[in-house]
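Topology and contacts: notes
Below, each chain spelled out in residue letters.
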Amino acid sequence: MRALTYTTSGAPAEGFHLGQTPEPHAGPGQVRIRVHAAGISPLDRKTVAGERGEAEPPTPAVPGIDAAGTVDEVGEGVSDVSVGDEVFGLGSGTHAAHAVLFAWAHKAPQIDWSVAAAAPLAVETSQRALGLIEAQAGQNVFVDGGSGGVGAVAVQVALDRGLGVVASAGQDNQDYLREIGAVPVLHGEGLLERVRAVAPGGLDAVLDIAGKTPAEDLAALVSHLARVVSIANPEVAERGGIFTGPTPSAGPDEREERGLGQAMAHAADLLRRNALVIKVQTFPLERAAEAYARSTSGQVRGKVVLLP
Ligand SMILES: NC(=O)c1ccc[n+]([C@@H]2O[C@H](COP(=O)([O-])OP(=O)(O)OC[C@H]3O[C@@H](n4cnc5c(N)ncnc54)[C@H](OP(=O)(O)O)[C@@H]3O)[C@@H](O)[C@H]2O)c1
């Protein structure tokens, strides 16, 4: 099958190539899909560049975690989907013509393939981070880095839970933050003053999505360090806050334990209700180098998605 493969660490554009590789098969508790769209996350770039340490799979391997497609193989013990069903979810090696998913939900027909492929990792991560700070309806949170693949979703997941949201982004993405329902502030120097100015009553929690603002600055925005959760800066945990790392690929038991199926059902529900709108920029697989470079730029509005 056609797939991106990478064998060594290096710059993303040099680290993989488009070629032929054997088709994967669905193991117990998994499904295989014909991939219609596959999101690119900074985690994929880090994997291809060999920056994920122990989390790196042996190479040669195919990158990609998010995908949406049509089920063409159902693994042992799977009873909630059949061949031909349209699904999206979390898997491995999704930047290819076929990929195996370990957590999924049905895609409603009106939802674009590329939007469905942009949602899985971002919804799972947002839900996990909000759960760790036990954010309750009526509280106010600050999302640092609210315009990217995870951040724009975290903003909307928080709003859907009844939270008030202040979020940061660059100058070009201030209107985007407004569009998705956040009170926007500019990131970078002077951030704390700008956040305090728009949240004079204070904040209940901080979600650090970008990992760019020093942990002590984020802590200064809330009453207690345990009210800061980061998905991108482990130093936050060293200072008494919470750090949550990416969910690795998971077997059926882990999937249950980590609530991954439930997270995908949540994503499907948000999309169906139009409570989650994701801006996507799509590239054919042939232009994967360009797509990865775009994703790496750190200036993505929403998500970059490959169309295999
Ligand atoms: N732990 C986990 O489970 C997990 C899961 C997924 C991703 N991640 C990690 O989380 C991070 C974010 O992922 P993503 O997909 O959202 O990345 P992304 O799509 O590249 O978005 C990056 C975001 O960072 C913002 N940003 C840039 N400079 C900033 C600054 N100085 N201060 C605050 N925000 C700034 C960008 O805003 P502008 O573009 O508007 O400037 C944008 O909103 C990555 O490091 C990724 O590896 C972790």
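These figures come from a predicted structure and were not determined experimentally. (Residues numbered from 1 in each chain as written. Predicted model: local features only at pLDDT ≥ 70, side-chain atom pairs only at ≥ 80, totals over all residues. Heavy atoms only, no water.)

A word on the overall build of the chain
A tally of regular secondary structure across the chain gives 12 helices and 14 strands. A compact globule built from 308 residues should have a C-alpha radius of gyration of about 19 Å, and the chain, at 19 Å, falls within 12% of that. Overall, the chain is about 55 × 40 × 35 Å in size when its C-alpha atoms are taken along their principal axes. Buried residues in the chain amount to 54% of all 308 residues. The contacts in the chain between residues at least 6 apart in sequence include a share of 64% that link residues at least 24 apart. Element-wise, carbon and sulfur atoms account for 49% of the exposed surface of the chain, whose accessible area totals about 12,900 Å². For the chain, the separation between the mean place of its 24 positive charges and that of its 36 negative charges on side chains is 5 Å. (Helix = DSSP H or I, 4+ residues; strand = E, 2+ residues; numbered from the N terminus. Rg over C-alpha atoms; globule rule 2.2 N^0.38 Å. Buried < 20%, exposed > 50% of the residue type's maximum accessible area, 1.4 Å probe, protein only. Contact = heavy atoms within 4.5 Å. Areas by Shrake-Rupley, 256 points an atom, 1.4 Å probe, with all protein chains shown as cover. Lys, Arg positive; Asp, Glu negative; His and termini not counted. Charge placed at Lys NZ, Arg CZ, Asp CG, Glu CD.)

Section: the pattern of salt bridges
Going through the model one piece at a time under the given rule, you end up with 13 salt bridges. Two residues, Glu 23 and Arg 32, come together in a salt bridge whose shortest N-O distance is 2.9 Å. With relative accessibility at 37%, the residue Glu 23 sits in the partly exposed group. Its relative accessible area of 7% is what places Arg 32 among the buried residues. Ionic pairing is found between Arg 32 and Asp 72, a salt bridge with its closest N-O pair at 2.9 Å. Of the two residues, Arg 32 sits in strand E3 (residues 31-40) while Asp 72 sits in strand E4 (residues 66-74), which places them 40 residues apart along the sequence. Sharing partners across several salt bridges, the network here consists of Glu 23, Arg 32, Asp 72 and Glu 73. (Salt bridge = Lys/Arg side-chain N within 4 Å of Asp/Glu carboxyl O.)

Overview of the domain arrangement of the chain
Splitting the chain by domain gives domain 1 (2-119 + 249-258 + 272-307) and domain 2 (123-243). Listed by partner, the interface residues are 12 residues for domain 1 and 13 residues for domain 2. It is Leu 276, Lys 279 and Arg 301 that lose the most area in domain 1 upon contact with domain 2, and together they represent 37% of the buried surface on that side. Counting across the domain 1 and domain 2 interface gives 2 salt bridges. (Domains from an automatic or database assignment. Buried area = accessible area lost by both parts, 1.4 Å probe.)

Considerations on unusual backbone geometry
Only a minority of non-glycine residues have a phi that is not negative, and only a minority of peptide bonds are not trans. One non-glycine residue, Glu 134, lies in positive phi territory at about 50°. Of note, Glu 134 is situated in the loop between helix H4 (120-132) and strand E7 (140-144). Accessibility expressed as a relative area gives 57% for Glu 134, which makes it exposed. At Asn 274, a residue that is not glycine, the phi angle is positive and equals roughly 60°. For Asn 274, the position within the fold is in the loop between helix H11 (260-272) and strand E13 (280-284).

Re the environment of Thr 247
Along the chain, Thr 247 turns up in the loop between strand E12 (242-243) and helix H10 (252-257). Ignoring sequence-local partners within four residues, the contact set of Thr 247 consists of Glu 124, Arg 128, Arg 258 and Leu 260.

Some points on the packing of H4 against H11
In contact at an axis separation of 9 Å, H4 and H11 are set at 110° when each is read in the N-to-C sense. With respect to each other, H4 and H11 are oriented roughly perpendicular. The chirality of how H4 crosses H11 is right-handed. On H11, the residues touching Pro 120, Val 123, Glu 124 and Gln 127 of H4 are Leu 260, Gln 262, Ala 263, Met 264, His 266, Ala 267 and Leu 270. (Axes fitted to C-alpha atoms, helices over the stretch in contact; angles between N-to-C directions. Parallel < 35°, antiparallel > 145°, perpendicular 65-115°, else oblique. Left-handed = near helix turned anticlockwise from the far one by under 90°.)

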